[in-house]
Structure formats: structure tokens, C-alpha cells
Amino acid sequence: MSNEVNIQARKALYAAFIGYMLDGFDYMIFTLSLALIIKAFQLSTGQAGLLATASLFISAFGGLFAGTLSDYIGRVRTLAITIVLYAVFTGLTGLATNYQQLFIYRALEGLGFGGAWAAGAALVSESAPADRRGRWLGWVQSSWALGWGLALIVYLIFSSISHGENGWRILFIIGALPALFIFYILRQVKEPEIWLQTMEMKRKLKQEKFQTENKESLRQKIISLTFFQLWAPDLIGRTLVGLLLSTGALFGYYSIFTFLPTYLQKVRHLTAVGSGPYLAMVVIGSFIGYLTSGWLNDKLGRRKNFLFFSIGSAIIILLYTYIIQNNSILILLSLPLGFFASGIFSGFGSYLAELFPSRVRGAAQGFVYNGGRAIASSGPALIGYLSSSLGGLGQAITIFGPASYLLCVIAILLLPETKGKELKALD
């Protein structure tokens, strides 16, 4: 890799890293403020869970839209668009005056929330060296923990100095600031060479086809869209099993983390500030988990890494929400909880990039990952509405969390190993 290419690759890494960190900051502001929002709008647990579900469900369409768009206009410009979307609607959330507005803003925030991962993962996948792709995507994924940590710091500061009913609104308004980051992205980051070569080859193929056939039929144009190519005989198996893998990992993650601050306050009887050390341990564990998973992804391979983090996540959720009742021990378990439940995601960026060819890579990463998010988005609502009939919030998490990681194990046993695969233009 030449020095100029190396510099551009690292700029792509930095852009995706910071973009996803700010994405995590904006999303976690909502999670941390959920108890305050419930109080401000007099919501039931089910209504609160539905807010989270709305954002997560729409994020699937955001991921599909951004992934497909990135196949056509580029990874860089698409990343910039998604950042503006999630920043603007996060800021508007802080201005909501009723539940209906809150629901709409959270749903639309999901467009950018889901799209940022799809565009950033495609950008870094095609920029990183093959032998370091797992680690680079692990670094990008670790930025989510930093965004979560930043949100936690801001939340704790405002919780300690603001006791008004509307203090949470300021947090969301601050969440609009990431929109300023697009100026760096558009000025400093270039498209990956693989994407540029793929677009040039597509242009030549279209030109040749036009000369021989004069024009494409409507049916051929529809089939040529990258999303529809995911359902062709050579890719449909990987599309469906990849969707099962992402559904399991994301369902498990949302089962525990959407309601974690609320669980600590209502079930474990901690104050907002008192739950801070527990959440801080989760954030630290998440950061370590992301980096470790990225490294193991390149060392052990994609499949073994997923199996390790899936089984570890299932075990730690059982310990955290059902077996361990002592809060002094629980704080120690917060670190491995973050390590396993978050670390599993470092494998997705590189694995999905290697499972699918460059001609559909953006659409594949956008749909497979965020399609799983759409299905998993039912988790918060299910847990919220069923927690009373299942014996409480802790019991609901205990049931849904570990069961979801069984889906990951099944999926990974059906997928091939792709460690070290070289990515090619229009392969």
C-alpha cells in the first residue's frame, strides 16, 4: 500500500470512527434519558419501549437506503448524509411537546442511525488492508463505546446540576452538534479505489450494452439495482443466514441495553447518579470488547470469533439479570457484560464485506445488518409490554436475551469462513 493510499485509507478510518462515535452518542442519550422521558410524558413501560422500537425499525430502512445509495453516489457522501439525518432529528427530539412528536422524531432519527453504520462499514472495508480489516472494523465499532461514554459523562453532569423536568431536553439539543462533522468528511475523505474501479467498470458495461441493445428494458433496470441482486440464486442463502446472524446479535443487545439504566434504577433501586459507575463499567467493557473482537477476528477467524462472543453474551446476561442479586458483585459483572454483548459487533463489518461482492456490498451491509435490526427492534417493545406478565423487567430480559444468541450460533454454523479474503472490484 503506497503512502498516499495509506493516508487516504486512514482518513476513511477516522471519518467512519468519529461518525459512528457520534451516532452512538446520539442514540445513547435517548437510552440514558428514557427514565426522565417516561416521567415527563407520563408513559408506560410499553410506550417507552415502542419509542426505541420505532427508531430501531426505521433504522433498517435507513441502512438499506444508505447502503444502496453508497453503491451509486459513493461511501463518503452517503456517510455525510446519514450524519446530518441522525443529528437533526436527535436535536428535534429535545423540542418535542407530546408523545406523537417524540415518536415521529425518534423514528426519523433511525434513518441516519442505521445508515451511518452501513456507509461507514463499506467505506472502511474497501479501504483497509485485507490482513487488518477485522482490526480496522473493530476500531470503528469501538467508537460506539466512546460515544456511549461521552453521552454518559454529559448525562451525569446534567443530572447533578439540573433538577428541572426539562433538563433532558438540553441533552438532545446537544446531540444536533455532530452535523458539523460533515465538513471534515466532504473535504478530507476520498472514495475507496475499489468503489471507483467498480463504478468505472459498471459505466463501461452499460455503455457496451447500450450500443448493442440500444436501451434497457424496465425489468432489466429493476433487476440491476443492487438490492434486488441480493436475492439472486448465488447470494440469497448468504443474505438470509446473514440476516439471522444480525437479528440474533442485535436482539440480544437491545434486550439488555435499551432498558439497562431503567433496570438499574427500578429493579436494582439505584439513583440516576448511583447507576453511573455500573454504566461506566459497561462502557469500559464494551470498548475493550470491540478492540479484542477486532483482533481475534483476524487471528481466530470470523466464525470462531462470533461463536465465542455469542456464547459469552448468553452466559453473562443470565448472571447479570437472574443469578446474581448482590449489587456489589453486579458492578464487577458490568465489565464482561459490555465486553461480550458489544464485542460481537466488531465482526460484522469485515465479515459482511467478505461474504458479498463489490457490486452489491453497500446494499448487502446495509440490508443484512439493519434488516436484522428491524426484526430485533421488536425487542424493546416486547420486553416493555411483557415485563409485567413475565414477572418484571429483569425476568423479561433473562428470557429474551440468551435466546437471541442461540440464533447467532445457528447462523454462524451455516456460513463459510472468509478470513484473509482479498476484495476485488466488481467481483
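Looking at an unreviewed UniProt entry, one finds the chain named MFS transporter, with Collibacillus ludicampi as its source organism. You can read under Subcellular location (unreviewed entry) in the UniProt record for the chain the words "Cell membrane".

Chemist: Tell me about the overall build of the chain, and please be specific about residues and values.
Modeler: A tally of regular secondary structure across the chain gives 19 helices and 0 strands. Considering only C-alpha atoms, the chain reaches an extent of 70 × 45 × 45 Å along its principal axes. A sequence separation of at least 24 residues applies to 85% of the contacts in the chain between residues at least 6 apart. Separation between the mean location of the 33 positive side-chain charges and that of the 20 negative ones in the chain comes to 3 Å.

Chemist: Residue-level account of the environment of Pro336, with values.
Modeler: Structurally, Pro336 can be placed in helix α15 (residues 327-343). In this structure the C-alpha to C-alpha distance between Pro336 and Pro261, which are 75 residues apart in sequence, comes to 17 Å.

Chemist: For the packing of aromatic side chains, give the residues involved together with the corresponding values.
Modeler: For any pair of aromatic rings, the description rests on two quantities: the centre-to-centre distance and the angle between the ring planes. The full count for this structure, using the stated rule, is 28 aromatic pairs. Clustering of aromatic rings is evident, with ring pairs tying together Trp117, Trp148, Tyr253, Tyr254, Phe257, Phe306, Phe345, Phe348, Tyr351 and Tyr369. Above the face of the Phe113 ring, Arg373 is positioned so that its terminal group lies 4.1 Å from the ring centre.

Chemist: Describe helix α13 (residues 276-299), naming the residues involved and giving the relevant values.
Modeler: Because each turn of an α-helix spans 3.6 residues, side chains separated by three or four positions end up pointing in the same direction. Over its 24 residues, α13 extends 34 Å from the first C-alpha to the last, a length consistent with the 34 Å expected when each residue adds 1.5 Å. At the C-terminal side of α13, Gly301 shows a positive phi close to 110°.

Chemist: Any chance you could break down a nonpolar patch on the surface for me, citing the residues and the numbers?
Modeler: Side chains of Leu50, Phe103, Ile104, Leu382, Tyr385, Leu386, Leu390 and Ile399 sit close together on the surface and give an oily, nonpolar patch of about 630 Å² of accessible area. Counting residues per element, the ones that place at least two in the nonpolar patch are α4 (99-127) and α18 (378-386). With respect to the helices and strands, Ile104 occurs in helix α4.

Chemist: Requested: an account of α4, with residues and values cited.
Modeler: Here α4 spans 42 Å end to end across 29 residues, near enough to the 42 Å set by a 1.5 Å rise per residue. For α4, the tally of buried residues reaches 23 of 29 residues, placing the bulk of the element in the interior. Between the side-chain oxygen at the start of α4 and the backbone nitrogen of Gln100 there is a gap of 3.1 Å, and the oxygen is on Asn98.

Chemist: Give a detailed account of the pattern of salt bridges, specifying residues and quantitative values.
Modeler: Oppositely charged side chains may form a pair once their charged atoms are brought near each other. Counted according to the given criterion, the structure contains 8 salt bridges. The shortest N-O distance in the salt bridge between Arg75 and Glu126 comes to 2.8 Å. Pair noted here: Arg75 is in helix α3 (residues 75-93) and Glu126 is in helix α4, with a separation of 51 residues, a long-range link. A salt bridge links Asp298 to Arg302, with the shortest nitrogen-to-oxygen separation between them at 3.1 Å. Note on accessibility: Asp298 and Arg302 belong to one class, buried. Several salt bridges converge on common partners, so that one network encompasses Arg133, Arg135, Asp298, Arg302 and Glu354.

Chemist: I'd like a description of unusual backbone geometry, backed by residues and values.
Modeler: Look at Gln42: it is not a glycine, yet its phi comes out positive at around 55°. Within the fold, Gln42 resides in the loop between α1 (3-41) and α2 (45-73). Judged by its relative accessible area of 70%, Gln42 is exposed.

Chemist: Please provide a residue-by-residue account of the environment of Asn305, values included.
Modeler: With respect to the secondary-structure elements, Asn305 resides in helix α14 (residues 302-323). Taking relative accessible area as the criterion, Asn305 reaches 1% and is therefore assigned buried. Separated by 107 residues in sequence, Asn305 and Ile412 have C-alpha atoms that sit 9.9 Å apart. Excluding residues within four positions of it along the chain, Asn305 makes contact with Ser293, Leu296 and Asn297.

Chemist: Outline the side chain of Ser143, supporting the account with residue identities and numerical values.
Modeler: Among the secondary structure elements, Ser143 is positioned in helix α5 (residues 133-161). We classify Ser143 as buried; its relative accessible area is 0%. With residues up to four places along the chain from it excluded, the contact list for Ser143 reads Phe17, Tyr20 and Met21.

Chemist: Lay out the packing of α3 against helix α6 (residues 167-174) with the relevant residues and their values.
Modeler: Running from amino to carboxyl end, α3 crosses α6 at an angle of 165°, the nearest separation of the two axes being 7 Å. When the axes of α3 and α6 are compared, the pair comes out roughly antiparallel. Of the two elements, α3 crosses α6, and the hand of that crossing is left-handed. Taking contact as the criterion, the partners of Thr90, Gly91 and Thr93 in α3 are, on α6, Trp168, Arg169, Phe172 and Ile173.

Chemist: Give a detailed account of the environment of Phe308, specifying residues and quantitative values.
Modeler: Along the chain, Phe308 turns up in helix α14. The class of Phe308 is partly exposed, set by a relative accessible area of 38%. Placed 103 residues apart in sequence, Phe308 and Ala411 show a C-alpha to C-alpha distance of 14 Å. Each residue touching Phe308, except ones within four places of it in the same chain, is listed here: Leu296, Phe339 and Phe340.

Chemist: Tell me about the side chain of Ser125, residues and numbers included.
Modeler: Position of Ser125 relative to the elements: it lies in helix α4. Residue classification places Ser125 among the buried residues on the basis of a relative accessible area of 1%. In this structure the side chain of Ser125 is engaged in a polar contact, spanning 3.4 Å, whose partner is the backbone oxygen of Gly349. A distance of 3.5 Å separates polar atoms of two side chains, one belonging to Ser125 and the other to Gln365. Discounting residues that sit within four places of it in the chain, Ser125 has contacts with Arg133, Leu137, Gly349, Ala353, Gln365 and Leu423.

Chemist: Account for the packing of helix α11 (residues 236-257) against helix α17 (residues 361-376), naming residues and giving values.
Modeler: Two quantities define a packed helix pair, namely the angle between the axes and the distance from one axis to the other. The N-to-C vectors of α11 and α17 enclose an angle of 50°; their axes lie 7 Å apart at closest approach. The angle between α11 and α17 places the two elements in the oblique class. For the pair α11 and α17, the sense of crossing is right-handed. Note on element contacts: α17 touches α11 through Phe367, Val368, Tyr369, Gly371, Gly372, Arg373, Ile375 and Ala376, opposite Thr239, Gly242, Leu243, Ser246, Thr247, Leu250, Phe251 and Tyr254. For the contact of α11 with α17, the per-class residue count stands at 9 nonpolar, 6 polar and 1 charged.

Basis of the calculations
Residues numbered from 1 in each chain as written. Predicted model: local features only at pLDDT ≥ 70, side-chain atom pairs only at ≥ 80, totals over all residues. Heavy atoms only, no water. UniProt positions renumbered as here; feature names shortened; annotations may be inferred. Helix = DSSP H or I, 4+ residues; strand = E, 2+ residues; numbered from the N terminus. Contact = heavy atoms within 4.5 Å. Lys, Arg positive; Asp, Glu negative; His and termini not counted. Charge placed at Lys NZ, Arg CZ, Asp CG, Glu CD. Phe/Tyr/Trp six-rings, centres within 6.5 Å; stacked < 30°, edge-to-face > 60°. Lys NZ or Arg CZ within 6 Å of the ring centre and 35° of its normal. Expected span 1.5 Å × (residues − 1). Patch = residues over 30% accessible without salt bridge, like charges linked within 9 Å, V, L, I, M, F, W, Y side chains within 5 Å. Areas by Shrake-Rupley, 256 points an atom, 1.4 Å probe, with all protein chains shown as cover. Salt bridge = Lys/Arg side-chain N within 4 Å of Asp/Glu carboxyl O. Buried < 20%, exposed > 50% of the residue type's maximum accessible area, 1.4 Å probe, protein only. Polar contact = N/O pair within 3.5 Å; in protein donor to acceptor, adjacent residues only side chain to side chain. Axes fitted to C-alpha atoms, helices over the stretch in contact; angles between N-to-C directions. Parallel < 35°, antiparallel > 145°, perpendicular 65-115°, else oblique. Left-handed = near helix turned anticlockwise from the far one by under 90°. Nonpolar A, V, L, I, M, F, W, Y, C, P; charged D, E, K, R; others polar.

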